[in-house]
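Residue-level listing of the chains:
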Amino acid sequence: MTKTIKRILVSASVLLLGIAAQTASASAVTVRPMTFDECGHNGDSGVDNCMYINGAGLYASEVRGWSTHVGFGYPVHEEVTGPNGVVCNSATVTTGDGSAVVGCQVYPNKNIAAGTYCSILWEYQGGKYYNDAENCGTVGG
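Every value quoted in this text rests on a predicted model; they were computed, and no experiment measured them.

Asks: Explain the pattern of salt bridges to me, please; I cannot follow it from the model alone.
Replies: Two side chains of opposite charge can pair, provided their charged atoms sit close to one another. Taken as a whole, this structure holds one salt bridge when the rule is applied. In this structure, the salt-bridge partner of Glu62 is Arg64, at a minimum N-O distance of 2.9 Å.

Asks: Can you walk me through the pairing of strand β6 (residues 85–89) in this structure?
Replies: Note on strand geometry: in a regular strand, side chains alternate between the two faces of the sheet. The pairing of strand β5 (residues 75–82) with β6 spans four bridges and is antiparallel. Bridged to Val80 within β6 is Cys88. The loop that links β5 with its antiparallel partner β6 comprises two residues.

Asks: Can you help me understand the packing of aromatic side chains in this one?
Replies: Both the distance between ring centres and the angle between the ring planes are used here to describe each pair of aromatic rings. Scanning all chains against the criterion turns up one aromatic pair. With centroids separated by 4.7 Å and ring planes inclined at 55°, the aromatic side chains of Tyr124 and Tyr129 adopt a geometry described as tilted.

Asks: How should the nonpolar core be read in this particular structure?
Replies: Counting residues in each nonpolar core, the largest one holds eleven residues, listed as Phe36, Met51, Ile53, Ala60, Val63, Val80, Cys88, Cys104, Ile112, Tyr117 and Val139. Those elements that place two or more of their residues in this core are β3 (48–56) and β4 (59–70). The next biggest cluster of nonpolar side chains, apart from the first, holds seven residues, and it includes Val47, Val70, Val102 and Ala133.

Asks: Please explain the state of the cysteines as it appears in this structure.
Replies: By definition, a disulfide is the covalent link that joins the sulfur atoms of two cysteine residues. On inspection of all chains with the given rule, the structure shows three disulfides. What pairs with Cys39 in a disulfide is Cys50, and their sulfur atoms sit 2.0 Å apart. For the disulfide bridge between Cys39 and Cys50, the dihedral angle about the S-S bond is near 110°, and by the sign convention the bridge is right-handed. Taken together, the residues span a long stretch of sequence, with Cys39 in strand β2 (residues 36–41) and Cys50 in strand β3 at a distance of eleven residues. Among the residues examined, Cys39 registers a relative accessible area of 41% and is labelled partly exposed. With a sulfur-sulfur separation of 2.0 Å, Cys118 is cross-linked through a disulfide to Cys136. Between Cys118 and Cys136 the disulfide shows an S-S torsion of about 105°. By sign, it is right-handed. Of this pair, Cys118 sits in strand β10 (residues 115–125) while Cys136 sits in strand β11 (residues 128–139), and the two are 18 residues apart along the sequence. On the accessibility criterion, Cys136 (12% relative accessible area) is buried.

What counts and how
Counting restarts for each chain, with residues numbered from 1 along the sequence as it is written. In keeping with the predicted nature of the model, local features appear solely for residues at pLDDT of at least 70, side-chain atom pairs appear and are counted solely at 80 or more, and the whole-chain, interface and lining totals rest on all residues. As a convention, hydrogens and water are excluded, and side-chain values are obtained from all of the structure's heavy atoms. A side-chain nitrogen of Lys or Arg and a carboxyl oxygen of Asp or Glu constitute a salt bridge if their distance falls within 4 Å. DSSP calls a pair of strands paired once it identifies at least 2 bridges connecting them. Under the scheme used here, helices are H or I runs from DSSP no shorter than 4 residues and strands are E runs no shorter than 2 residues, and both carry numbers assigned from the N terminus. Only the six-membered ring of Trp is used, alongside the rings of Phe and Tyr, when aromatic pairs are assigned; centres must lie within 6.5 Å, and planes under 30 degrees apart are stacked while those over 60 apart are edge-to-face, with the rest tilted. Only buried residues count toward a nonpolar core, which is a set of Ala, Val, Leu, Ile, Met, Phe, Trp, Tyr and Cys residues joined through side-chain atoms within 4.5 Å. Note on exposure labels: buried denotes an accessible area under 20% of the residue type's maximum, exposed denotes more than 50%, and partly exposed covers the range between, all computed with a 1.4 Å probe on protein chains only. The disulfide criterion used throughout: a pair of cysteine sulfur atoms within 2.5 Å.

Right, dumping it as structure tokens:
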């Protein structure tokens, strides 16, 4: 009876370690099938940044990136990048009240390259662009 209980306890601790490891790496997830929907929060700026890809295997029907709670009084735009470069860019907007949503999306309806896709909110200040919020996911491979 004691051996059985020890095995159960060891299995439970191994399971908890696996859950902790998955939680620690939530900002970059390998997705199979490909549908990916993940948001992250930038505690410094208060921005929530999201990356969404809908599809199966390497086929994508929609690729979208967006940020919410944007309001710095500086010009900002959302960009989605992939293994082959820029996927889409939003228009540049200047907001000040913290309620803006900035984003871009495309509907490829075809296979896309395996690799990492990122949604990035760029903020323009002092003559330079700064990465204010970013969220990534990995497709395939």
